[in-house]
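For reference, the chains in residue letters:
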Amino acid sequence: AQSVTQPDIHITVSEGASLELRCNYSYGATPYLFWYVQSPGQGLQLLLKYFSGDTLVQGIKGFEAEFKRSQSSFNLRKPSVHWSDAAEYFCAVGAPGGANNLFFGTGTRLTVIP
Amino acid sequence: KAGVTQTPRYLIKTRGQQVTLSCSPISGHRSVSWYQQTPGQGLQFLFEYFSETQRNKGNFPGRFSGRQFSNSRSEMNVSTLELGDSALYLCASSLDTANYGYTFGSGTRLTVV
């Protein structure tokens, strides 16, 4: 069965500091991998996705993620955090060629302090 | 282009009632998926509709149902509401099925009292 683990429920960083959000998945093969961001009261916005190929994926808003097959991880990074990055971040997996449904992690809430 | 529109944004219902939520996808998108988001269970897949057919269904009781119209607009219905159905219901549309090219709406916040 597919599962996604985001071990950090809440992370606080200073504005300008670097950020890494962790995501580990359990799946029989290499799934499709996603990071979404959700601001309060809003829907989800796709930051980036990995289907195959280069394991370092660039996304919007200066985010990137690296797929590491050996560690079953897909960690999200940003070199310098802005106050507007404060939000909840969700990692998700989907089955390649499968139905159009995603399995989400429980999310990591990011607080940015000035 | 217009995004995914969900109506209403907020809804308060009484236990035992039924409710219908609406989702208008991005023009040209044929797949509509629904998710339930709660603090306890997180984001869970409800179902996907593509070309007016339910293509996939998550692990929810039969009280949760949906449909899709010929213009790709979708509705989901929850009958005999329970307190635990209080959640943010998110709709996502994509051009096609199985490509995960989701665009999410802002959701409908349902409160059951």
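Above this text sits the structure in question.
Everything numeric in this text was worked out from a predicted model, so none of it was measured.

**Q** Describe the nonpolar core, listing the residues and the values that go with them.
**A** With 26 residues, the main nonpolar core has Leu19, Trp35, Leu47, Leu48, Phe74, Leu76 and Tyr89 of chain A as its most contacted residues. Contributing elements (two or more residues each) for this core: strand E2 (10–14), strand E3 (19–21), strand E5 (32–38), strand E6 (44–50), strand E8 (64–68), strand E9 (73–78), strand E10 (87–94) and strand E12 (108–113) of chain A. Residue contributions to this core peak at four residues, all from E10 of chain A. Within the second largest apolar cluster, 21 residues are counted, among which are Val4, Val32, Leu81 and Tyr89 of chain B.

**Q** For unusual backbone geometry, give the residues involved together with the corresponding values.
**A** Note that the residue after Thr7 of chain B, namely Pro8 of chain B, is joined by a cis bond; omega there is -10°. Inspection of the secondary structure assignment puts Pro8 of chain B in the loop between strand E1 (5–7) and strand E2 (10–13). A positive phi is found at Ser72 of chain A, a non-glycine position, where the angle reads about 50°. Within the secondary structure, Ser72 of chain A sits in the loop between E8 and E9. Residues other than glycine seldom take positive phi values, yet Glu52 of chain B does so here, at roughly 70°. Along the polypeptide, Glu52 of chain B turns up in the loop between strand E5 (42–50) and strand E6 (53–57). By relative accessible area, which is 47% here, Glu52 of chain B ends up partly exposed.

**Q** I'd like a rundown of the layout of surface pockets, residues and numbers included.
**A** Of the pockets and cavities examined, the largest pocket occupies roughly 470 Å³. Gln38, Glu88, Phe90 and Arg109 of chain A together with Gln37 of chain B are the residues nearest the centre of the largest pocket, which is lined by 20 residues in total. Listing elements by their share of the lining of the largest pocket, those giving two or more residues are E10 and E12 of chain A together with strand E4 (31–38) of chain B. Per element, the largest residue contribution to the lining of the largest pocket is three residues, and it comes from E10 of chain A. Counted by class, the lining of the largest pocket contains eight nonpolar, nine polar and three charged residues. Roughly 270 Å³ of volume is contained in the second largest pocket. Around the second largest pocket sit 13 residues that line it, and Leu102 and Phe103 of chain A together with Leu43, Gln44 and Phe45 of chain B are the ones nearest its centre. The residue inventory of the lining of the second largest pocket, partitioned by class, reads seven nonpolar, six polar and no charged.

**Q** Describe in detail the state of the cysteines, supporting the description with residues and values.
**A** Residues and elements named next belong to chain A. For the structure on display, the rule yields two disulfides over all chains. Between the sulfur atoms of Cys23 and its disulfide mate Cys91 the distance is 1.9 Å. Measuring handedness by torsion sign, the sulfur bridge of Cys23 and Cys91 sits at about -65° and is left-handed. You can see Cys23 sitting in the loop between E3 and strand E4 (24–26) and its partner Cys91 sitting in strand E10, a full 68 residues away along the chain. Residue class for Cys23 comes out buried when judged on its relative accessible area of 0%.

About the cut-offs
- Residues numbered from 1 in each chain as written.
- Chains lettered and ligands numbered in written order.
- Predicted model: local features only at pLDDT ≥ 70, side-chain atom pairs only at ≥ 80, totals over all residues.
- Heavy atoms only, no water.
- Core = buried A, V, L, I, M, F, W, Y, C linked by side-chain atoms within 4.5 Å.
- Buried < 20%, exposed > 50% of the residue type's maximum accessible area, 1.4 Å probe, protein only.
- Helix = DSSP H or I, 4+ residues; strand = E, 2+ residues; numbered from the N terminus.
- 1 Å grid on protein atoms, 1.4 Å probe; cavity = no way out; pocket = protein on both sides within 12 Å on 5 of 7 lines; lining within 4 Å.
- Points joined across faces, edges and corners; volume = space filled by probe spheres on them.
- Nonpolar A, V, L, I, M, F, W, Y, C, P; charged D, E, K, R; others polar.
- Disulfide = S-S within 2.5 Å.

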